[in-house]
Amino acid sequence: MNVQTINVSLTSKLNNLSYPIFVGNNLLSNCEDILKKFVGNRKIILIHDDFFSFENGFNENLTTFIKIIKKLSKSVNLIDLPGGDKTKNISQLNFILEKSLSFEIDRSSLIIAFGGGVIGDIAGFAASIVLRGIDYIHVPTTLLAQVDSSVGGKTGINSSKSKNLIGSFHQPIAVISDLDMLKTLPKREFLAGLVEVIKYGLIHDVKFFNTLENNYKDILNYDESKLKYVISNSCKIKYEIIKNDEKENGKRALLNLGHTFGHAIESFGKYNGTIIHGEAISIGICLAFKLSTELGYCSRSETERVFNLFKKLTLPTSLKDIKSLSITPLEMLKKFKYDKKNKNDQLTFILNKKIGKSFIKNNMDENILTEFLNEDM
Ligand SMILES: NC(=O)c1ccc[n+]([C@@H]2O[C@H](COP(=O)([O-])OP(=O)(O)OC[C@H]3O[C@@H](n4cnc5c(N)ncnc54)[C@H](O)[C@@H]3O)[C@@H](O)[C@H]2O)c1
């Protein structure tokens with residue numbers, strides 16, 4: 001077992017936080033030493049994606065993991081939930097809270113989220129509010145969660161108005177990313193995760209983008225060493241961006257490249273699988289680059305390079321690629337108003353000067369935006 005550890009240290013006015021992200025193969029069946037320190041005879045609530053439920057016949061990784069935690073903890077109580085964004089709602093949150101309390105937990109109890117970004121986001125949010133906050137560990141089981149949602153402590157659920165509007169910042173005490181978990185992940189979900197990986201190159205690191213451009217075939221073929229590099233480097237870049245801005249008062253907003261468009265598009269899909277998060281972000285990033293070019297910030301050839309990589313990966317680059325979704329520019333514009341980056345009714349977008357150089361564009365002119373949407377939708 002070859003484990004790489006990335007230590008996340010966040011310093012804010014109120015507290016200094018640090019936690020490890022463990023990345024490696026065959027980690028879950030060998031995690032006793034790693035977990036000892038974190039589990040330490042506590043009561044555990046293990047919230048897992050029902051893909052791993054016993055009823056679904058695939059339980060090897062989860063059963064091994066449960067055996068290890070049972071050895072280390074006072075008790076293990078299970079809650080299973082379906083994956084997919086439909087789960088990130090207030091009634092599922094209430095279910096988790098009531099069920100957790102029924103296990104007679106106390107403030108030393110520990111939530112473990114075992115699943116993708118959806119399970120991590122909702123379980124992390126539950127951990128941040130139950131008994132006014134208890135610890136949680138994330139065991140991310142999708143590529144998207146391993147490279148993005150498990151890092152940085154954003155937790156939450158969707159509102160009927162739009163994505164991720166209800167939530168909190170609550171950092172995990174550890175993240176355990178086992179590459180072997182990705183072996184059962186459908187290709188569509190793997191590709192969706194790759195979008196967030198490419199995003200890091202686009203925002204901050206042109207060399208990383210070049211590497212992805214040159215190695216995408218090996219990555220798609222689950223080349224273990226390249227995949228491990230992709231996951232750990234993504235975590236490092238994200239950490240680099242958030243380390244001095246835990247609560248997104250500045251630079252952290254760059255990580256939202258493509259997300260103003262993407263979250264709006266995703267919410268029109270009603271979270272029913274028509275379009276999944278990474279696919280919506282793929283379209284969103286392409287729109288953000290196109291807008292950057294139309295506003296004269298970014299050259300056309302750079303934008304074409306971005307489109308080409310997403311196309312080679314068979315990811316959607318335009319709303320026209322999602323035939324069953326029809327959104328008018330006006331509807332889209334209304335959704336932008338719910339974006340959390342906006343201040344004083346002014347729309348904020350993340351745009352690019354080139355690949356590897358994103359910037360925050362405040363006070364986006366609504367007329368320009370309407371014209372852009374009229375042309376591109
Ligand atoms: N908190 C953050 O910082 C952050 C960042 C990015 C995205 N997100 C959120 O993450 C969510 C998307 O995460 P996701 O793509 O992991 O979605 P997800 O958790 O819904 O998982 C995607 C699908 O894969 C299945 N699955 C999970 N692990 C599997 C495995 N190992 N093998 C087979 N199937 C498996 C799930 O059941 C689900 O159907 C969105 O809600 C998004 O808003 C949060």
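These numbers were taken from a predicted model, which means no experiment stands behind them.

1. Digging into the overall build of the protein chain
1) Next: Across its full length, the protein chain carries 13 helices and eleven strands.
2) Next: A globule of 377 residues ought to have a C-alpha radius of gyration of about 21 Å, and the protein chain, at 20 Å, matches this closely.
3) Next: Expressed along its principal axes, the backbone C-alpha trace of the protein chain runs to roughly 60 × 45 × 40 Å.
4) Next: Partitioning the intrachain contacts of the protein chain with sequence separation of at least 6 by distance along the chain shows that 74% fall at a separation of at least 24.

2. Structural notes on the site of the ligand
1) Next: Close to the ligand lie 26 residues, the nearest being Asp49, Gly84, Gly117, Thr142 and Thr184.
2) Next: Note that an oxygen atom of the ligand is positioned 2.7 Å from one of the backbone N or O atoms of Gly117.
3) Next: Within the backbone of Lys154, an N or O atom sits 2.8 Å from a nitrogen atom of the ligand.
4) Next: Protein burial of the ligand: of its 860 Å² of free accessible surface, 90% is covered by the chains.
5) Next: Residue assignment for the shell around the ligand shows that the elements contributing at least two residues are helix H4 (117–129) and helix H5 (143–149).
6) Next: Shared between two domains, the shell around the ligand holds at least three residues of each, these being domain 1 (4–185) and domain 2 (188–376).

3. A short note on a positive patch on the surface
1) Next: A surface patch of like charges, here positive, comprises Lys251, Lys353, Lys354 and Lys357.
2) Next: Within the fold, Lys357 resides in strand E11 (residues 357–361).

4. Quick notes on the side chain of Gln171
1) Next: Position of Gln171 among the secondary structure elements: in the loop between strand E8 (166–169) and strand E9 (174–178).
2) Next: In this structure the side chain of Gln171 is engaged in a polar contact, spanning 2.8 Å, whose partner is the backbone oxygen of Gly152.
3) Next: Separated by 3.2 Å, the side chain of Gln171 and the backbone nitrogen of Gly153 make a polar contact.
4) Next: Setting aside anything within four residues of it in sequence, one finds Gln171 in contact with Leu10, Leu17, Tyr19, Tyr136, Gly152, Gly153 and Glu246.

5. A short note on the domain arrangement of the protein chain
1) Next: Each domain of the protein chain was delimited in the assignment, giving domain 1 (4–185) and domain 2 (188–376).
2) Next: Domain 1 puts 37 residues into the contact, and the matching count from domain 2 is 38 residues.
3) Next: Three residues stand out in domain 1 for area buried against domain 2, namely Leu143, Val147 and Lys163, and they jointly supply 17% of the buried area on that side.
4) Next: At the surface where domain 1 touches domain 2, the tally comes to four salt bridges.
5) Next: Note that Asp148 is salt-bridged to Lys238, the shortest N-O span being 2.7 Å.
6) Next: At the junction of domain 1 with domain 2, the criterion picks out 15 residue pairs in polar contact (both at pLDDT 80 or more).

Cut-offs applied
Residues numbered from 1 in each chain as written. Predicted model: local features only at pLDDT ≥ 70, side-chain atom pairs only at ≥ 80, totals over all residues. Heavy atoms only, no water. Helix = DSSP H or I, 4+ residues; strand = E, 2+ residues; numbered from the N terminus. Rg over C-alpha atoms; globule rule 2.2 N^0.38 Å. Contact = heavy atoms within 4.5 Å. Near = heavy atom within 4 Å. Polar contact = N/O pair within 3.5 Å; in protein donor to acceptor, adjacent residues only side chain to side chain. Areas by Shrake-Rupley, 256 points an atom, 1.4 Å probe, with all protein chains shown as cover. Domains from an automatic or database assignment. Patch = residues over 30% accessible without salt bridge, like charges linked within 9 Å, V, L, I, M, F, W, Y side chains within 5 Å. Salt bridge = Lys/Arg side-chain N within 4 Å of Asp/Glu carboxyl O. Lys, Arg positive; Asp, Glu negative; His and termini not counted. Charge placed at Lys NZ, Arg CZ, Asp CG, Glu CD. Buried area = accessible area lost by both parts, 1.4 Å probe.

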